[in-house]
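Observations on chain architecture
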Amino acid sequence: MYMHPLESLSADEIKTAAAIVKDGGELGEHGRFSSITLLEPPKDASTADRDAVALVYDRASGAASSVVVSLTKGAVVSSTPIPGSQPAYLLEEMAECIGLVKTDPRWIEAVRKRGVEDLDAVQCDPWPAGNFGDPDEDGRRLLRVVSYVRHFEEDNGYAHPIEGVVATVDVGRQEVLRVEDHGVIPVPSKCFNYAPSHVGQMRTDLKPLDITQPEGTSFTVDGNEIAWQKWRFRVSMHPLDGLVLHTVTIDGRSVLHRAGLGEMVVPYGETTPGHRWKNAFDSGELGLGRFPFLNSLELGCDCLGEIRYLDAVIANDQGDPITINNAICIHEEDYGILWKHFDSHTFTTEVRRSRRLVVSSIHTVGNYEYGFYWYFYLDGTMQLEVKLTGILQTMGVAPGETPVHSTLVAPQLGAPVHQHLFCFRLDFDIDGAENSVYETELSGEPVSDDNPFGNALLPTARLLRTESEAQRTADLSKGRQWRIVNPGRLNAVGQPTGYRLVPGASAAVLLASPEAAVHQRATFATKNLWVTPYAADESRAAGYPNLSAGGEGLPSYTAGDRPIENTDVVVWYSFGVNHVPRPEDWPVMPVEYAGFTLQPVGFFDQNPALDVPPSNGHCST
Ligand code: CO
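Remember, it's a predicted structure, so these values are computed and weren't measured experimentally.

1. With respect to the overall build of the protein
Across its full length, the protein carries six helices and 30 strands. By the compact-globule yardstick of 25 Å for 621 residues, the protein fits well, its C-alpha radius of gyration being 26 Å. Among the 621 residues that make up the protein, the fraction classed as buried is 54%. Surface summary for the protein: the accessible area is close to 27100 Å², and the carbon and sulfur share equals 51%.

Below you can see the structure in the form of C-alpha cells.
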C-alpha cells in the first residue's frame, strides 16, 4: 500500500522497526527504546521508501545509539553511537525510582520526622536531576524525588508538600544515592481540591453553548494531511517535538517545511535546597509526546464543535506501539470579524466573519498541563499558542514566614517563581527553500529638511547575514519583528515575498545567572531568535539535555557562525512566560497563554481574504 513519505508510522511499522533493530543485534539484553520515529525524508527526496529511526538506550552500559532502519527493505541501514548523551527517562525508570525511594530507610525516617506514617499516602514525584558538576553524580542515571501527602486517594498532594526532603536516585545502579533532609517545616494540612464534589455549590446560571455545523466541517482529513480553505499541510505527533506541522502551503505556495517544539525548559527561581535544582526540560528529558504524558482528548470538554481527531501511535520502552486515541484535535472556531467597512457615502456595509482552523494537543507532565494550539486563519495568518494550566509547584513555608523567591498562594504554602520557556524550530520554505531573514523595526527621526514636522516614522529592515548576527532578543518598544523572505520571488511592488514572525507579549528569555547550570544547558532560551542554515542532524535546541552539562544544540550548531543569507534557513524562536504565581493560580491554574504569530508580508499582492463570502444576507448591503 502506498503511504506518503510524511505519513506517521503505523503500529505495524513501529513493530517492524523494533523487530529489525532486535534481529540486527542492535538491542542488547538491557536495551530499551527511547523512541521510534519516522525518519523524515530530505526535501528533495524522490523515493517512496519508508525509514524509521530508533533511539536505543542500554540500561546496563548507559550507551545510547541512533539506529536507522529501512522498513521497505527490512534491514538496518546504520547504527550510530551517541557518546556521552542520555536520552529521555524511560517510563520504567520513573516507576522503579519511586519504589527505591519508598523502601529507603533514610527517606522513611525523614518523612516520619514530619509526622507522616502512612507511606501509601505519600505521592513521590521523580524529577530530572540536571547536572550541577557534582563528581559523586558524574556518569550516573539520576532522578531526584520530592514528595507530597494525600489525605485521601484523589486529594491534591501539592497542598501538602513534604518540604526539605530530596532523594537522589540512580536508576542505572538501582540505588538511592543520597537522601537530603534540610530540616523540618510542618506539612501544610489544609486540603485544596478542584473537583465538583469538593467545590460545593456550582454556578447555576450558565446556559448551554453549542457549536453546530449542520453541513459538516469545511476541512478534510486524509491520512495525516489536512486541507482547509487555501491551506494544506500534514500533522504528526513526535515523542520529543510534540505536535508537528509538515509541508504547510497556502494557495499551493510553500510557507513552512516543518514546525515543531525544538525544546522547552522550566527553570525555577527558588534558592532553598528542595527547589534550587529544578529545571525541567519537558521535551528532551521527559518526552512530552509519549505515553503517559500525551492526553487522549474528550469531545465537548477539551474541544467543542464539529471535531475530527487523529490518534497518535507511540513506541513504549519495549518498542511496542501504544495508540493514544484522539491525541490531536482538529476543528473550526468563529473568531469575531475578519474585516469590515461602512461606506458613509452610500450607507452600505461589507463585513466578513473570521474563523480559524485549530489543530491541538495537550500534554500532562507532572503537575503541569501544556496545550499546543496551531491556528490557521482565512487571511494567510498562522499562530502558535501554548496554553499553560494544571497545578503549581508548591513549597512548605514555616508559619509566619514570607518567602523571597516564592509567592504565598495559601497559608504556609509557597509557589516558587519560575519561567516556562519554549523554543520552536521553524523550517521556513517561503515560496521555496532559499530564504533570507531580516530584522524589522520602526523608529522616529529627528527634525531635518526632509522631516520638518518631526513626525517621521521610519520602518527599517536589516538583513541578518550570519548565525551570530541572528541571535536576537525581542523589543516591543521598537516593534521589532523578523521577516523571512524569498529573495528570488518578487511581489507586485517588486519586494521579495515573505512572512513575518511577530513576537507575542510573552517573549521572556532565561533570567538565571550566566554561572547557573541551567544557563549552559538551556542557552537556547537566552535569546528569542536564532537562525541556522538547514542541517539534517540539527533538530534539537539543547541537543540531548538529559543529565547533560550543556553546550549542546544551538550554541554548538552556531559556533561556526555560518552564513544564513539566501539559503535554506531554520528559524528558532524562543519565548515564554515569567510565572510569578498568584493565589488565583491555586489550586488549579486558569490557562495562561504564550506564543507567536506568522503573518504574510507581501506574500500576497492584496488582502487575500476578499473572496470570503458574506455569512448571510445582512452582512453585505
Ligand atoms: Co508556571
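Having seen the model, we can carry on.
2. Considering the state of the cysteines
What the rule picks out here adds up to one disulfide. Across the disulfide from Cys 303 sits Cys 329; the S-S distance is 2.3 Å. Of the two residues, Cys 303 is situated in the loop between strand 14 (279-280) and strand 15 (308-315) and Cys 329 in strand 16 (residues 321-343); the sequence distance between them amounts to 26 residues. Pair check on accessibility: Cys 303 and Cys 329 agree, each one buried.

3. A look at helix 2 (residues 91-102)
With twelve residues, helix 2 ought to run about 16 Å at 1.5 Å a step, and its terminal C-alpha atoms sit 17 Å apart, in line with that. For helix 2, the full list of buried residues reads Glu 92, Glu 93, Met 94, Cys 97, Leu 100 and Val 101.

4. Digging into the coordination of the cobalt ion
Donor atoms from the polypeptide that bind the cobalt ion are Tyr 368 (OH), His 418 (NE2), His 420 (NE2) and His 579 (ND1), placed at 1.8 to 2.0 Å. Geometry at the cobalt ion is tetrahedral, judged from the four donor atoms that bind it and their angles of 93 to 128° at the metal. Read in sequence order, the donor residues for the cobalt ion give the motif Y-x49-H-x1-H-x158-H. Linking Tyr 368 in strand 18 (residues 368-377) with His 418 in strand 23 (residues 418-428), this pair joins segments that are 50 residues apart in sequence. Residue Tyr 368 is classed as buried on the basis of its relative accessible area of 2%.

5. Quick word on helix 1 (residues 11-23)
Taking 1.5 Å of rise per residue, the 13 residues of helix 1 would be expected to cover 18 Å, and the 18 Å separating its terminal C-alpha atoms lies within 8% of that figure. For helix 1, the set of buried residues is Glu 13, Ile 14, Ala 17, Ala 18, Ile 20 and Val 21. All buried residues of helix 1 fall inside an arc of 160° around its axis, so they share one side. Of the exposed residues in helix 1, those oriented more than 90 degrees away from the buried face are Asp 12 and Asp 23. For helix 1, the elements touching its buried residues are strand 1 (31-38), strand 2 (51-58), strand 3 (64-70), strand 4 (75-81), strand 15 and strand 16. Among the residues trailing helix 1, Gly 25 stands out with phi positive, at a value near 75°.

6. Examining the pairing of strand 2
The buried count for strand 2 comes to seven of eight residues, which makes it a mostly enclosed element. As paired elements, strand 1 and strand 2 share seven bridges and run antiparallel to each other. Residue pairing in the sheet places Gly 31 in a bridge with Asp 58 of strand 2. Bridge analysis of strand 2 against strand 3 gives seven bridges, and the strand direction is antiparallel. When the bridges of strand 3 are listed, Ala 54 appears paired with Val 67.

7. Some points on the layout of surface pockets
Estimates place the volume of the largest pocket at around 1300 Å³. Every residue lining the largest pocket is counted, 50 residues in all, and those nearest its centre are Leu 39, Val 53, Ala 536, Asp 537 and Ser 539. For the lining of the largest pocket, the secondary structure elements donating two or more residues are strand 1, strand 2, strand 3, strand 13 (253-267), strand 23 and helix 6 (554-557). Across the lining of the largest pocket, the residue classes break down as 20 nonpolar, 14 polar and 16 charged. If you count residues domain by domain, the lining of the largest pocket takes at least three from each of domain 1 (11-81) and domain 3 (243-268 + 279-392 + 417-447 + 463-607).

Reading guide: rules and limits
- Residues numbered from 1 in each chain as written.
- Predicted model: local features only at pLDDT ≥ 70, side-chain atom pairs only at ≥ 80, totals over all residues.
- Heavy atoms only, no water.
- Helix = DSSP H or I, 4+ residues; strand = E, 2+ residues; numbered from the N terminus.
- Rg over C-alpha atoms; globule rule 2.2 N^0.38 Å.
- Buried < 20%, exposed > 50% of the residue type's maximum accessible area, 1.4 Å probe, protein only.
- Areas by Shrake-Rupley, 256 points an atom, 1.4 Å probe, with all protein chains shown as cover.
- Disulfide = S-S within 2.5 Å.
- Expected span 1.5 Å × (residues − 1).
- Donors = N, O, S within 2.8 Å, 3.2 Å for Na, K, Ca; no water.
- Tetrahedral: all angles 85-135°; square planar, octahedral: opposite > 155°, others 65-115°.
- Arc of directions from axis to C-beta.
- Contact = heavy atoms within 4.5 Å.
- Pairing = 2+ DSSP bridges.
- 1 Å grid on protein atoms, 1.4 Å probe; cavity = no way out; pocket = protein on both sides within 12 Å on 5 of 7 lines; lining within 4 Å.
- Points joined across faces, edges and corners; volume = space filled by probe spheres on them.
- Nonpolar A, V, L, I, M, F, W, Y, C, P; charged D, E, K, R; others polar.
- Domains from an automatic or database assignment.

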